[in-house]
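# Architecture at a glance
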Amino acid sequence: MSEHQAPPPAPDASPAALPCLKIKAAIKKTLPVTGPQAPTLRELMHWYCMNTNTHGCRRIVVSRGRLRRLLWILLTLMAVGLILWYCAQLVINYYMASVSVTVHFHKLRFPAVTICNINPYKYSAIKDHLAELDKETMEALASLYSFSGSQPRERREAGGEEAEEGGFLQRFPLRRLDSFPSQATRGASAGYKRRIEGNLFPGSSGMVNVKSPQDMVGFQLCDTTNKSDCALYKFSSGVNAIQEWYKLHYMNIMAQIDGEEKERMSYSADELILSCFFDGVSCDSRNFTSFHHPMHGNCYTFNSGKDGRILSTSTGGSENGLQVILYVDEADYNPFLVTATGAKIVVHDQDEYPFIEDIGTEIETATATSIGMHFTTSRRLGKPYSNCTEDGSDVPVKNLYNKSYSLQICLHSCFQDSMVKTCGCAQYAQPLPDGAEFCNYKKYPNWMYCYYKLHEQFVKEQLGCQQICREACSLKEWTLTTSLAQWPSTVSEDWMLRVLSWEKGRDSNKTLNKTDLANLMVFYKDLNERFITENPANNLVVLLSNFGGQLGLWMSCSVVCVIEIVEVFFIDTLSIILRRCWQKAKKWWRARKGGPGEEAGAAHSPHRGPEHLGHDNPACIPHDEGDDDDLPTFNTAMRLPVPPGHPPPRTPPPNYSALNLAGSFSGQLDDTLEVRT
């Protein structure tokens, strides 16, 4: 019979089970199953932990000390728990077939809307203060352009004499460019808000100076302490030159008028606003908050939030916004200060200051102006991603506007502060700092020359304000879309003007003209609030993910593996180095304490019989169990003392205790050996 014959079937096996037993025996013979021959469950777990690629389980077994094992048990259990939780979430999300759609309808906060008349003060109320200035302006027009009628030469001569008596033309004569001395043309630039420097545009000399000097108009500013230090400000158009010259003297006069009187000379809310509707509900001048602007007079803000209540709207469209009819009274405009008719508006947040002169939108008369808005909220990241500031507290510039920080507020405040420090007084168009006063000729005769020089440095970014001031991290912006239509229409003009004239005639008997009226509508085009938010391209999660991807791709490492590397190459390595240094220090201390006599006594030791040769020689045995000296080699054995009458020792046999397979490393110290029970 063959040796590999199958064992006979059991006596109780039925004939039907014989084929199954044969198949089972064939499978066992063909596919033998081998595995750990562990007699107990503890040894099976020990075998698994020593042979698995799961680093945490292996570190639990091989770690020395209870504390270290406990830490590895906690780390491993934590990792297993996180894996199970995250895998459960993935499975739940995978099999979740439901869809949730949520639609939110919410009211959008309506912004503040500031409205100002382009003409700051009623000319009939302020003309007494400007009488001499207007007179000299007319004389300058007659002198330069033969403005009013006959005998231009005689008027020019008379104008020159009156200019000497008046003072405005005498201080800063307004002349044609060819009448100024040639040495005064250095440092030429344009005036306030119309500055054109020669090096600002390539080829600007050919672009600006297209006219001959006799056709260009300008005025000269000189330092009162040094008459030779002068600068000529020239303009390619006489209109700009006259307006700039007039505005400089106008600011000088207004700086000397009391604030309450200026408010009385400007337009009241009832005079400016004829009718008001918001979100289909009637409103009036009581819904507007007034404030006085130096260059625009009395301005009025709708929905300022001053009383703690901010209006909102729940529907977009022109019928659900702000609708006002404005009365500008064109006949009472200052002919030299403003050359346009209408109003200016600014849409802004309740905490922001309305910069009418910088970002104001002009509203035409005899026109219906519809302004549709889109609201956008922007959020920038601060340091180290950008140089923006949260609230301006870290910017070394005092906020003069008592509103939330913005870049414009910082720049204007910085310039005003430099103006006070350099010129000794404050510029009229900006808020007054504490302890300062506005500039005027009587107290500060040199302020205008100083102001122009300082502003020239500001434009060239030599004053340092552009370097100090920073953008705000949070920004609320209303994007405006403007459309115009003729208003009132030809067929409705008659009855509308009659009704509005009758309503206003209750206070003053005056017939209105459509050129005195402006229709304004401000509304949300939709209620979609747009958010623009900066997010860091690389955060901690992305950094750890990138590290994990690279370690897993090239070294097949995980978080537990990284912890193991830190433990072995940093903690254990540092511990071994410190232990070695400690042992060497103890050895050096014992040698120093024992002295040379101890070494001599060791050389004449009586234990020098034949049994003390090789590695059994006391000279080869460490003096202290804690020492970790190297085992003897052939060279060290040859230097050992030889007993009289005995041959030199041969190569010492190995120290078989080092071949103990129970330890992980050879030559371990006693305090690191594992004690197994």
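From a predicted model like this one, the values you see are computed outputs, not experimental measurements. (Residues numbered from 1 in each chain as written. Predicted model: local features only at pLDDT ≥ 70, side-chain atom pairs only at ≥ 80, totals over all residues. Heavy atoms only, no water.)

### Regarding the overall build of the protein
Applicable threshold: Each helix corresponds to a stretch of at least 4 residues labelled H or I by DSSP, and each strand to a stretch of at least 2 residues labelled E; elements are numbered beginning at the N terminus. In this scheme, a residue with accessible area under 20% of its type's maximum is buried, one over 50% is exposed, and one in between is partly exposed, where area comes from a 1.4 Å probe on protein chains only. It only takes one pair of heavy atoms within 4.5 Å for two residues to be counted as in contact.
Of the regular secondary structure elements, the protein holds 21 helices and 17 strands. For the protein, with 677 residues in total, the buried portion stands at 35%. Partitioning the contacts of the protein with sequence separation of at least 6, the portion at a separation of at least 24 is 73%.

### A short note on the sheet that holds strand 9 (residues 297-302)
What counts, and what does not: Pairing between strands requires that DSSP locate at least two bridges from one strand to the other. Axes, fitted as lines to C-alpha atoms, cover a helix only where it is in contact. Angles between the N-to-C directions of the axes lie from 0 to 180 degrees.
In spatial order, the strands read 8-9-2-12-13; together these five strands make up an open sheet with antiparallel pairing. For this open sheet the edge positions go to strand 8 (288-293) and strand 13 (361-363), each flanked by a neighbour on one side alone. Each strand axis lies, on average, 30 degrees off the axis of its neighbour in the sheet, ignoring direction.

### Some points on the sheet that holds strand 4 (residues 217-223)
With respect to topology, three strands assemble into an open sheet ordered 3-4-5, the strand pairing being antiparallel. Strands at the two margins of the open sheet, each flanked by one partner only, are strand 3 (174-176) and strand 5 (226-235). On average, each strand axis in the sheet is inclined to that of its neighbour by 40 degrees, with strand direction left out of account. Note: strand 3 against strand 4, three bridges, orientation antiparallel. Looking across to strand 4, one finds that Arg-176 is bridged to Val-217. Strands in contact with helix 6 (residues 131-145) are strand 3 and strand 4; relative to strand 3, the strand with the most contacts, it is inclined by about 5 degrees. The sheet contacts of helix 15 (residues 447-459) involve strand 4 and strand 5, and relative to strand 4 the element is tilted by about 105 degrees.

### With respect to the packing of aromatic side chains
For the record, the criterion: What counts as a ring pair is set by centres within 6.5 Å for rings of Phe, Tyr and Trp (its six-membered ring), and what kind of pair is set by the plane angle: stacked under 30 degrees, edge-to-face over 60, tilted for all other angles.
A full pass over the atoms with the stated rule returns 20 aromatic pairs. Judged by centre distance (5.5 Å) and plane angle (40 degrees), the rings of Tyr-246 and Phe-336 are tilted. Of the two residues, Tyr-246 is situated in helix 10 (residues 238-254) and Phe-336 in the loop between strand 11 (322-327) and strand 12 (343-348); the sequence distance between them amounts to 90 residues. On the basis of relative accessibility, which here comes to 14%, the residue Phe-336 falls in the buried class. For the pair Phe-415 and Tyr-451, a centre-to-centre distance of 6.0 Å together with 75 degrees between the ring planes defines the contact as edge-to-face. Residue Phe-415 is located in helix 14 (residues 407-423), and its partner Tyr-451 is located in helix 15; the two are separated by 36 residues in the primary sequence. Like Tyr-451, Phe-415 is buried. Here a set of aromatic residues connected by ring pairs shows up, and it is made of Phe-219, Phe-235, Phe-415, Tyr-441, Trp-447, Tyr-451, Tyr-452 and Phe-458.

### Regarding the pairing of strand 6 (residues 273-278)
By the bridge criterion, five bridges tie strand 6 to strand 11 in an arrangement that is antiparallel. Bridging from a neighbouring strand, Phe-278 pairs with Leu-322 of strand 11. Alignment of strand 6 against strand 7 (residues 281-283), held across three bridges, turns out to be antiparallel. From the neighbouring strand, Phe-277 faces strand 7, where its bridge partner is Ser-282.

### Focus on the side chain of Asn-298
Where we set the bar: Here a polar contact means two N or O atoms within 3.5 Å. Within protein one must be a hydrogen donor candidate and the other an acceptor candidate, and residues neighboring in sequence count only if both atoms are side-chain atoms.
In this structure, Asn-298 sits in strand 9. The buried category is assigned to Asn-298, whose relative accessible area is 9%. Reaching out from Asn-298, the side chain makes a polar contact with the backbone oxygen of Tyr-267 at a distance of 3.3 Å. A polar atom in the side chain of Asn-298 sits 3.0 Å from the side chain of His-292. Filtering out sequence-adjacent residues up to four positions away, Asn-298 remains in contact with Pro-120, Glu-263, Ser-266, Tyr-267, Phe-291 and His-292.

### Quick word on the nonpolar core
Note the threshold: Residues belong to one nonpolar core when they are buried, are Ala, Val, Leu, Ile, Met, Phe, Trp, Tyr or Cys, and are joined through side-chain atoms within 4.5 Å.
Within the largest apolar cluster, 63 residues are counted, with the highest numbers of intra-cluster contacts made by Leu-174, Phe-219 and Tyr-250. If one sorts the elements of this core by residue count, helix 10 sits on top with nine residues. Beyond its immediate stretch of four places on either side in the chain, Leu-174 contacts Ala-140, Leu-144, Leu-169, Val-217, Gly-218, Phe-219, Ala-241, Ile-242 and Trp-245. Residues Cys-276, Ile-345, Phe-375 and Leu-520 belong to the second largest nonpolar core, which totals 30 residues.

### A few points about the packing of helix 3 (residues 55-62) against helix 19 (residues 559-594)
The condition that has to hold: Gly is put with the polar residues, along with every residue not named as nonpolar or charged; the nonpolar set is Ala, Val, Leu, Ile, Met, Phe, Trp, Tyr, Cys and Pro, and the charged set is Asp, Glu, Lys and Arg.
Where helix 3 meets helix 19, the closest approach of the two axes is 9 Å, and the angle between their N-to-C directions is 35 degrees. Taken together, the residues of helix 19 that come into contact with helix 3 (itself represented by His-55, Gly-56 and Arg-59) are Val-560, Cys-561, Glu-564, Glu-567, Val-568 and Asp-572. Split by residue class, the contact of helix 3 with helix 19 holds three nonpolar, two polar and four charged.

### A short note on the state of the cysteines
Put plainly, two cysteines are in a disulfide when a covalent bond ties their sulfur atoms together. Put simply, the rule reads: Criterion for a disulfide: a pair of cysteine sulfur atoms at a distance within 2.5 Å.
Summed over the entire model, instances satisfying the criterion amount to seven disulfides. Residue pairing for Cys-116: its cysteine sulfur links by disulfide to Cys-299, the two sulfurs lying 1.9 Å apart. The S-S bond linking Cys-116 to Cys-299 shows a torsion near 120 degrees; that makes this disulfide right-handed. Of this pair, Cys-116 sits in strand 2 (residues 112-117) while Cys-299 is found in strand 9, placing the two residues 183 residues apart along the sequence. Of the residues examined, Cys-116 reaches a relative accessible area of 0% and is grouped as buried.

### A closer look at the environment of Asp-434
Its place among the elements puts Asp-434 in the loop between helix 14 and helix 15. Measuring from C-alpha to C-alpha, the distance between Asp-434 and Leu-400 comes to 9.0 Å, with 34 residues separating the pair along the chain. Side chain to side chain, Asp-434 and Lys-398 meet in a polar contact 3.0 Å long.

### A few points about helix 17 (residues 493-504)
Stated precisely, the cut-off is as follows: To estimate the expected span of a helix, count its residues, drop one, and scale the result by 1.5 Å. This arc describes the spread of directions from the helix axis toward the C-beta atoms.
Here helix 17 is 12 residues long and its end C-alpha atoms lie 16 Å apart, about the 16 Å a rise of 1.5 Å per residue gives. Turning to helix 17, its buried residues are Met-496, Leu-497, Leu-500, Ser-501 and Lys-504. Down the axis of helix 17, the sector holding all buried residues measures 125 degrees, keeping them to one side. Residues of helix 17 that are exposed and angled more than 90 degrees away from the buried face: Trp-495, Arg-498 and Trp-502.

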